[in-house]
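Report on the structure
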Amino acid sequence: MKALLAEARLEPGFECCGLLAGRGGVITTVLSVPNSLASATAFDIAPADLFALFQKMREQGLDHLGIYHSHPDGENAPSRRDIAAAYYPEAAYFILSPRVGAEKPVRAFSIRDGRAEELEIEEVE
Ligand SMILES: [Zn+2]
């Protein structure tokens, strides 16, 4: 979680994004990737980058468990666009807020059938 927040704060002008991978439902690996839209209000992962990340996960025997991105300005809750573009119903969608004093800088949601439900994040050290 600290690594995710550090990344979100690194370039607060853009949404950062990437995939989260691990084993047995526990996220162990952050796979960051450039936001192909280089935008502060939207993100997208280029198909070639996405393909490379899935290949990397396969090679390392990791499961794809989540997707993360940041909301530099607004609330870190899923936007309409996030809900519409949620193609992985099994994945946890992490949304980060790089803002200082954000109440809950890391939130996770399950998004399926056009509905978002907040998930509880359990930290395992
Ligand atoms: Zn978003």
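These lines cover the structure that appears in this document, whether it is placed above or below. As a convention, each chain's residues are numbered from 1 in the sequence order in which they are written. Local features in this predicted model are restricted to residues of pLDDT 70 or higher, and side-chain atom pairs are both shown and tallied only at a pLDDT of 80 or more, whereas totals for entire chains, interfaces and linings draw on every residue. In computing side-chain properties, one takes all heavy atoms of the structure into account and sets aside hydrogens as well as water.

What follows is about the overall build of the protein chain. Tallying secondary structure elements over the protein chain gives 3 helices and 6 strands in all. Strands are runs of DSSP state E lasting at least 2 residues, helices are runs of H or I lasting at least 4, and numbering of each runs from the N terminus. For the protein chain, the α and β elements follow one another from N to C terminus as α-β-β-α-β-α-β-β-β. What you see for the protein chain is a C-alpha radius of gyration of 13 Å, in line with the 14 Å of a compact globule of 125 residues. For the protein chain, the C-alpha atoms occupy an extent of roughly 35 × 30 × 30 Å along the three principal directions. The contact criterion used is simple: two residues touch if any of their non-hydrogen atoms lie within 4.5 Å. Residue pairs in contact within the protein chain that sit at least 24 positions apart in sequence constitute 61% of those at least 6 positions apart. Accessible surface area values rest on a Shrake-Rupley calculation with a 1.4 Å probe, where residue burial reflects the displayed protein chains alone. Counting only carbon and sulfur atoms, one obtains 52% of the accessible surface of the protein chain, whose full area is about 7,600 Å². Between the centroid of the 12 positive side chains of the protein chain and the centroid of its 19 negative side chains there is a distance of 1 Å. Two things to know: the radius of gyration comes from C-alpha atoms, and the globule rule equals 2.2 Å times the number of residues to the power 0.38. When charges are counted, Lys and Arg are positive and Asp and Glu negative, with His and the chain ends excluded. Charge positions are represented by NZ for Lys, CZ for Arg, CG for Asp and CD for Glu.

The backbone of Ala-38 sits at a positive phi, close to 45 degrees, despite the residue not being glycine. With respect to the helices and strands, the residue Ala-38 is situated in the loop between β2 (26-33) and α2 (47-59). For every residue, the accessible area (1.4 Å probe, protein chains only) is compared with the maximum for its type, and the residue is labelled buried under 20%, exposed over 50%, or partly exposed between those bounds. Judged by its relative accessible area of 40%, Ala-38 falls in the partly exposed class. For Asp-113, which is not glycine, the phi torsion reads 50 degrees and is therefore positive.

We now examine the nonpolar core. As used in this record, nonpolar core signifies buried Ala, Val, Leu, Ile, Met, Phe, Trp, Tyr and Cys residues forming a set joined through side-chain atoms within 4.5 Å. Core analysis: the largest hydrophobic core is formed by 17 residues, its most contacted members being Leu-19, Leu-31, Ile-45, Met-57 and Tyr-93. Of all elements in the fold, only β1 (17-23), β2, α2, β4 (92-96) and β5 (106-112) reach the threshold of two or more residues within this core. Among the elements that line this core, the one with the most residues is β1, at 3 residues. Dropping the residues within four chain positions of it, Ile-45 is found in contact with Cys-17, Leu-19, Val-33, Ser-36 and Leu-50.

With that settled, consider the coordination of the zinc ion. In the first shell of the zinc ion, the protein supplies His-69 (NE2), His-71 (NE2), Asp-82 (OD) and Asp-82 (OD), at 2.0 to 2.5 Å from the metal. Coordinating donors are taken as N, O and S atoms within 2.8 Å of the metal, stretched to 3.2 Å for Na, K and Ca; because water is absent from the atoms, sites can appear incomplete. Site shape is set this way: if four donors have all angles between 85 and 135 degrees, tetrahedral; if opposite donors are over 155 degrees apart and all others between 65 and 115, square planar for four donors and octahedral for six; otherwise irregular. Around the zinc ion sit 4 donor atoms; with metal-centred angles ranging over 56 to 157 degrees, the donor geometry is irregular. Given the relative accessible area of 9%, His-71 is considered buried. Classification of Asp-82 as buried rests on a relative accessible area of 9%.

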